[in-house]
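Listed below are the residues making up each chain.
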Amino acid sequence: MEDTSGDPRGSSFLDPLRGILVAYFMPERCYDKFFLDLDFLDVPCLKIVLSKALGIGIILGSVLVKLPQIIKLMGARSAEGLSFNSVLLELLAITGTMVYSMSNKFPFSAWGEALFLMLQTVTIGFLIQHYGRRTSVGLFFLVIYFSLLAVLLSPVTPISVVTTMQASNMPAIIIGRLIQAVTNFRNGHTGQLSAISVFLLFAGSLARIFTSLQETGDLLMALTYVISSTCNGIIALQVLYYWNSHPEYKKKKKSE
């Protein structure tokens, strides 16, 4: 006797992957739309899948997004051209987004890259101090930062403080990126700033505007990424403008 307890529309060849697809890429109704009804033009479901795919792509990319910058610093054994104040403000913005998202229980695909960007940005902050012969200051910076992070993620911190911190991200991002832009302008080059990292950050923040609206509906999050994209775009333009300007050439020119 035929089993009719399942979905009356039958089954799909992707049913073995149903659990993974529903868990990470689409809700149950979208799976049914795509693979049982064969309706691949359902706009709401297409938006959900695109947002999930972009979110996962951004998170995977974020694991390596600042690695070129870290490698460049370690290879040159110098942090010339990088502003520690700019890194601190960027870290404030990343931390605000991460804590705000966790407190509001947003899906990991909507903010996961903040975790990996935080770890890489902290590393860059330490390296700037280390190569500036201030290793003890760098170690103190690590201890203070992770202690504050533990407090922010604990139940001790009220949600109002977390929301205020997220709102402060916008001026922090603007000021932080402007400090880096002014540093680049004064130096006449971008120093040890990694072009790959800059362009990946710009692309990631652009994509996050769509995913934050789609997955969280939080306008504060979306506006933060609009500001971030604009500021990252300015740095990306500077990287292109100063492409052939190298620190060694500038130093040589000054000594002549």
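Preceding this section is the structure that the text describes.
Residues numbered from 1 in each chain as written. Predicted model: local features only at pLDDT ≥ 70, side-chain atom pairs only at ≥ 80, totals over all residues. Heavy atoms only, no water.

**Student:** Describe in detail the overall build of the protein chain, supporting the description with residues and values.
**Tutor:** A tally of regular secondary structure across the protein chain gives 12 helices and 0 strands. Mapped in sequence order, the helices and strands of the protein chain form the string α-α-α-α-α-α-α-α-α-α-α-α. Taking all 256 residues of the protein chain together, 45% fall into the buried category. Within the protein chain, residue pairs in contact and separated by at least 24 positions form 76% of the contacts whose partners lie at least 6 positions apart. As presented, the protein chain carries roughly 13,900 Å² of accessible surface, and 69% of it is formed by carbon and sulfur atoms. (Helix = DSSP H or I, 4+ residues; strand = E, 2+ residues; numbered from the N terminus. Buried < 20%, exposed > 50% of the residue type's maximum accessible area, 1.4 Å probe, protein only. Contact = heavy atoms within 4.5 Å. Areas by Shrake-Rupley, 256 points an atom, 1.4 Å probe, with all protein chains shown as cover.)

**Student:** Summarise the state of the cysteines; cite the residues concerned and give the values.
**Tutor:** Applying the stated criterion to the full structure yields 1 disulfide. The residue that forms a disulfide with Cys 30 is Cys 45, at a sulfur-sulfur distance of 2.1 Å. The sign of the -85° torsion about the S-S bond sets the Cys 30-Cys 45 disulfide as left-handed. Within this pair, whereas Cys 30 is found in helix α2 (residues 28-35), its partner Cys 45 is found in helix α3 (residues 43-62), the two being separated by 15 residues in sequence. In this structure, Cys 30 and Cys 45 share a single accessibility class: buried. (Disulfide = S-S within 2.5 Å.)

**Student:** Break down empty space enclosed by the protein for me, citing the residues and quoting the values.
**Tutor:** In the structure shown here, the tally under the stated rule is 1 cavity of 30 Å³ or more. Computed from the structure, the largest cavity encloses a volume of approximately 190 Å³. Considering the residues around the largest cavity, the lining is formed by 17 residues, among which Lys 66, Gln 69, Glu 90, Arg 177 and Leu 193 are closest to the centre. Residue assignment for the lining of the largest cavity shows that the elements contributing at least two residues are α5 (84-103), α9 (169-187), α10 (195-215) and α11 (219-241). Residue composition of the lining of the largest cavity, by class: 7 nonpolar, 7 polar and 3 charged. (1 Å grid on protein atoms, 1.4 Å probe; cavity = no way out; pocket = protein on both sides within 12 Å on 5 of 7 lines; lining within 4 Å. Points joined across faces, edges and corners; volume = space filled by probe spheres on them. Nonpolar A, V, L, I, M, F, W, Y, C, P; charged D, E, K, R; others polar.)

**Student:** For the packing of aromatic side chains, give the residues involved together with the corresponding values.
**Tutor:** For the structure on display, the rule yields 5 aromatic pairs. The interplanar angle of 80° and the centroid separation of 5.5 Å between the aromatic rings of Phe 84 and Phe 141 together place this pair among those described as edge-to-face. In this pair, Phe 84 is assigned in helix α5 and Phe 141 in helix α7 (residues 135-153), connecting sequence segments 57 residues apart. In this structure Phe 141 comes out as buried when scored by relative accessible area, which is 9%. Consider the rings of Tyr 145 and Phe 146, whose centres lie 5.2 Å apart with planes at 75°: the pair is edge-to-face. Classification of Phe 146 by relative accessible area gives partly exposed; the value is 36%. (Phe/Tyr/Trp six-rings, centres within 6.5 Å; stacked < 30°, edge-to-face > 60°.)

**Student:** Can you tell me about a nonpolar patch on the surface, naming the residues and giving the values?
**Tutor:** Nonpolar side chains collect at one region of the surface, where Val 63, Leu 64, Leu 67 and Ile 71 lie side by side and expose about 340 Å² of accessible area between them. Structurally, Ile 71 is set in helix α4 (residues 67-76). Assessed through its relative accessible area of 53%, Ile 71 is described here as exposed. (Patch = residues over 30% accessible without salt bridge, like charges linked within 9 Å, V, L, I, M, F, W, Y side chains within 5 Å. Salt bridge = Lys/Arg side-chain N within 4 Å of Asp/Glu carboxyl O.)

**Student:** If you had to explain unusual backbone geometry to someone new, which residues and values would you point to?
**Tutor:** Excluding glycine, a negative phi dihedral is what most residues carry, and trans is how most peptide bonds are arranged. The phi dihedral of Arg 77 falls on the positive side, at around 50°, and the residue is not glycine. With respect to the element layout, Arg 77 can be found in the loop between α4 and α5. On the accessibility criterion, Arg 77 (60% relative accessible area) is exposed. Although it is not a glycine, Lys 105 sits at a positive phi angle of roughly 55°. A relative accessible area of 71% means that Lys 105 is categorised as exposed.

**Student:** Before we move on, can you summarise the pattern of salt bridges with the specific residues and values?
**Tutor:** One pass over the full model with this rule turns up 3 salt bridges. The salt bridge partner of Arg 208 is Glu 113, with a shortest N-O separation of 2.7 Å. One end of the pair, Arg 208, is in helix α10; the other, Glu 113, is in helix α6 (residues 113-131), and 95 residues separate them in sequence. Residues participating in the shared-partner salt-bridge network are Lys 66, Glu 90 and Arg 177.

**Student:** Please set out the layout of surface pockets residue by residue, giving values where relevant.
**Tutor:** Quantified by volume, the largest pocket comes out at close to 540 Å³. Surrounding the largest pocket, 31 residues form its lining, Leu 117, Leu 201, Ser 205, Ser 228 and Asn 232 being those nearest its centre. Elements represented by at least two residues in the lining of the largest pocket include exactly α3, α5, α6, α9, α10 and α11. The dominant element in the lining of the largest pocket, judged by the number of residues it contributes, is α10, at 7 residues.

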